[in-house]
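Here is how the chains run, residue by residue.
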Amino acid sequence: SQTIHQWPATLVQPVGSPLSLECTVEGTSNPNLYWYRQAAGRGLQLLFYSVGIGQISSEVPQNLSASRPQDRQFILSSKKLLLSDSGFYLCAWEEGVETQYFGPGTRLLVL
Amino acid sequence: QKEVEQDPGPLSVPEGAIVSLNCTYSNSAFQYFMWYRQYSRKGPELLMYTYSSGNKEDGRFTAQVDKSSKYISLFIRDSQPSDSATYLCAMSGVSGGSNYKLTFGKGTLLTVNP
């Protein structure tokens, strides 16, 4: 069965510091992968998605970036965090065009 | 008009009540409809999946899709305190060679009181 991992689970970072969040998927090959941010009362905001190694599409302009160095690894990064980057970050993998399965999430607090 | 509209609640019901959660949408190309359940500080988990119109039942949960009205519902029978969570509707589709990515409602916060 497929499993999706995210780490760290919680992160507290100062403004201006760099960020690296990692997501890995097990039990599937060549999945479509997604990064979402969920802010309180604002629903899920799609940030990036990837259909393969090195292929990244950005949905929202921001100071975040994503990379996919391996088939089942998806990384979310920032060079300098802003206060507005605080939120709950979710990675998901997609089965066809039908359903997405989410990881446990990373809670980021930028102070 | 937003693509997917969902009443954010919060919705509070007594244990044993029947709960009705709803979403409306505007894109007629949507054909795959899902409900996710998200407990506090956890990732969403897929609860129900329905293709096109009709009903689907899984235990105490029933998902209904009415494509003519662009309206989907999730019913929870004999609600339990463990059903307390945020419920998100989501939908996607393929039409004319275009893929319409999974689009989420903002979620409805449900509390079931013992």
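Residues numbered from 1 in each chain as written. Chains lettered and ligands numbered in written order. Predicted model: local features only at pLDDT ≥ 70, side-chain atom pairs only at ≥ 80, totals over all residues. Heavy atoms only, no water.

A.B. asks: Mind laying out the overall build of chain A, listing which residues take part and the relevant values?
C.D. replies: Across its full length, chain A carries zero helices and 11 strands. Ordered by position from the N terminus, the helices and strands of chain A form the series β-β-β-β-β-β-β-β-β-β-β. Once local pairs closer than 6 in sequence are excluded, the contacts in chain A between residues at least 24 apart make up 53%. As displayed, chain A has an accessible area near 5200 Å², and 53% of this comes from carbon and sulfur atoms. (Helix = DSSP H or I, 4+ residues; strand = E, 2+ residues; numbered from the N terminus. Contact = heavy atoms within 4.5 Å. Areas by Shrake-Rupley, 256 points an atom, 1.4 Å probe, with all protein chains shown as cover.)

A.B. asks: Explain the sheet that holds strand β1 (residues 3–7) of chain A to me, and be specific about the residues and the numbers.
C.D. replies: Strand pairs in the sheet, formed through backbone hydrogen bonds, run parallel or antiparallel to each other. All names here are of chain A. Taken together, four strands build an open sheet; the order of strands is β1-β3-β8-β7 and the sheet is antiparallel. The sheet terminates laterally at β1 and β7 (64–70), the two strands that pair on one side only. Averaged over all pairs of adjacent strands, the angle between strand axes in this sheet comes to 20°, irrespective of strand direction. When strand β3 (residues 19–26) meets strand β8 (residues 73–78), the two strands line up antiparallel, connected through six bridges. Residue pairing for β8: Leu21 is matched across the bridge by Leu76. (Pairing = 2+ DSSP bridges. Axes fitted to C-alpha atoms, helices over the stretch in contact; angles between N-to-C directions.)

A.B. asks: Can you break down the packing of aromatic side chains residue by residue, with the values?
C.D. replies: As enumerated under the stated definition, the model contains 13 aromatic pairs over all chains in all. A ring pair is formed by A:Tyr36 and A:Phe102, whose centres lie 5.6 Å apart and whose planes are at 50°; its orientation type is tilted. Here A:Tyr36 is found in strand β4 (residues 32–39), whereas its partner A:Phe102 is found in strand β10 (residues 99–102), with 66 residues between them in sequence. Comparing A:Tyr36 with A:Phe102 shows no difference in burial state: the two are buried. With a centroid separation of 5.8 Å and 65° between ring planes, the pair formed by A:Phe102 and B:Phe104 is classed as edge-to-face. With A:Phe102 in strand β10 and B:Phe104 in strand β10 (residues 98–104), this residue pair bridges two chains. Neither A:Phe102 nor B:Phe104 differs from the other in exposure class; each is buried. Counting every residue linked through ring pairs, the aromatic cluster contains A:Tyr34, A:Tyr36, A:Tyr49, A:Phe102, B:Tyr36 and B:Phe104. Lying across the ring of A:Phe88, A:Arg107 places its NZ or CZ 4.3 Å from the centre. (Phe/Tyr/Trp six-rings, centres within 6.5 Å; stacked < 30°, edge-to-face > 60°. Buried < 20%, exposed > 50% of the residue type's maximum accessible area, 1.4 Å probe, protein only. Lys NZ or Arg CZ within 6 Å of the ring centre and 35° of its normal.)

A.B. asks: Pulling in residues and values, what's your account of the interface of chain A and chain B?
C.D. replies: Taken together, the contacts link 21 residues of chain A with 18 residues of chain B. For the pair chain A and chain B, the summed buried surface comes to about 1500 Å²; carbon and sulfur atoms form 61% of the total. Applying the counting rule to chain A against chain B returns zero salt bridges. Here chain A is connected to chain B by three residue pairs in polar contact (both at pLDDT 80 or more). Listing elements by their share of the side of chain A that touches chain B, those giving two or more residues are β4, β5 (43–52), β9 (87–95) and β10 of chain A. Classifying every residue of the side of chain A that touches chain B gives 11 nonpolar, six polar and four charged. (Buried area = accessible area lost by both parts, 1.4 Å probe. Salt bridge = Lys/Arg side-chain N within 4 Å of Asp/Glu carboxyl O. Polar contact = N/O pair within 3.5 Å; in protein donor to acceptor, adjacent residues only side chain to side chain. Nonpolar A, V, L, I, M, F, W, Y, C, P; charged D, E, K, R; others polar.)

A.B. asks: Describe in detail unusual backbone geometry, supporting the description with residues and values.
C.D. replies: The omega torsion of the bond from A:Trp7 to A:Pro8 falls at 0°, within 30 degrees of zero and hence cis. As for its placement among the helices and strands, A:Pro8 is situated in the loop between β1 and β2 (10–13). The backbone phi angle of B:Ser52 is positive, close to 60°, even though this residue is not glycine. Locating B:Ser52 in the fold gives a position in the loop between β5 (45–51) and β6 (54–58). At B:Asp78, a position not held by glycine, the phi torsion is positive, near 45°.

A.B. asks: Any details on the pattern of salt bridges? Residues and values, ideally.
C.D. replies: Taken as a whole, this structure holds five salt bridges over all chains when the rule is applied. The salt bridge partner of A:Asp85 is A:Arg37, with a shortest N-O separation of 3.7 Å. With A:Asp85 in the loop between β8 and β9 and A:Arg37 in strand β4, this pair connects stretches of sequence that are 48 residues apart. Assigned by exposure class, A:Asp85 and A:Arg37 land together as buried. The partner of B:Asp83 in a salt bridge is B:Arg60, with the nearest N and O atoms 2.8 Å apart. Of this pair, B:Asp83 sits in the loop between β8 (71–76) and β9 (85–95) while B:Arg60 sits in the loop between β6 and β7 (61–66), and the two are 23 residues apart along the sequence. A relative accessible area of 1% places B:Asp83 in the buried class.

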